[in-house]
Amino acid sequence: MSVSYKKLWKLIIDKDMTNVEVRKAAKISPDTFTKLKKNEIVSLDVLIKICQILECDIGDVVEIVKISKTPD
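Rules of the game
- Residues numbered from 1 in each chain as written.
- Predicted model: local features only at pLDDT ≥ 70, side-chain atom pairs only at ≥ 80, totals over all residues.
- Heavy atoms only, no water.
- Core = buried A, V, L, I, M, F, W, Y, C linked by side-chain atoms within 4.5 Å.
- Buried < 20%, exposed > 50% of the residue type's maximum accessible area, 1.4 Å probe, protein only.
- Helix = DSSP H or I, 4+ residues; strand = E, 2+ residues; numbered from the N terminus.
- Contact = heavy atoms within 4.5 Å.
- Salt bridge = Lys/Arg side-chain N within 4 Å of Asp/Glu carboxyl O.

Caption draft 1: Summary view of the nonpolar core. Core analysis: the largest hydrophobic core is formed by 18 residues, its most contacted members being Tyr5, Leu8, Leu36, Ile50, Leu54 and Val61. Looking at this core, the elements with two or more residues in it are α1 (6-14), α2 (19-26), α3 (30-37) and α4 (44-54). Excluding anything up to four places from it in sequence, Ile50 contacts Leu8, Ala26, Ile28, Leu36 and Val61.

As structure tokens, then:
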């Protein structure tokens with residue numbers, strides 16, 4: 001399993017905000033925001049801060065994606 005933050009990037013655009021505005025408002029470090037851009041796992045605390053700024057639910061910013069296995 002992996003995570004995808006595609007919903008987050010779409011929501012930021014829909015809210016007419018920039019990534020930097022969201023990062024600064026949520027008080028998230030640039031390194032942590034880079035993890036989001038790379039679809040890496042971040043703490044629940046980070047996701048909650050983002051949801052508070054964007055006034056949304058966690059399911060609106062992140063989804064669990066199944067990694068498909070290739071046959072041997």
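Caption draft 2: Fine view of the pattern of salt bridges. In the structure shown here, the tally under the stated rule is two salt bridges. Asp14 is the partner of Lys10 in a salt bridge, and the nearest nitrogen-oxygen pair spans 2.9 Å. You can see Lys10 and its partner Asp14 sitting in helix α1, four residues apart, about one turn around the helix. Salt-bridge contacts for Asp45 lead to Lys49; the nearest nitrogen and oxygen are separated by 3.7 Å. Of this pair, Asp45 and Lys49 are both found in helix α4, four residues apart, which corresponds to roughly one turn of the helix. Using a relative accessible area of 27% as the deciding quantity, one classes Lys49 as partly exposed.

Caption draft 3: A look at unusual backbone geometry. A positive phi is found at Lys27, a non-glycine position, where the angle reads about 55 degrees. Looking at where Lys27 falls in the secondary structure, it is placed in the loop between α2 and α3. Judged by its relative accessible area of 71%, Lys27 is exposed. Non-glycine residue Glu55 carries a positive phi angle of around 55 degrees. Its location among the elements puts Glu55 in the loop between α4 and β2 (63-65).

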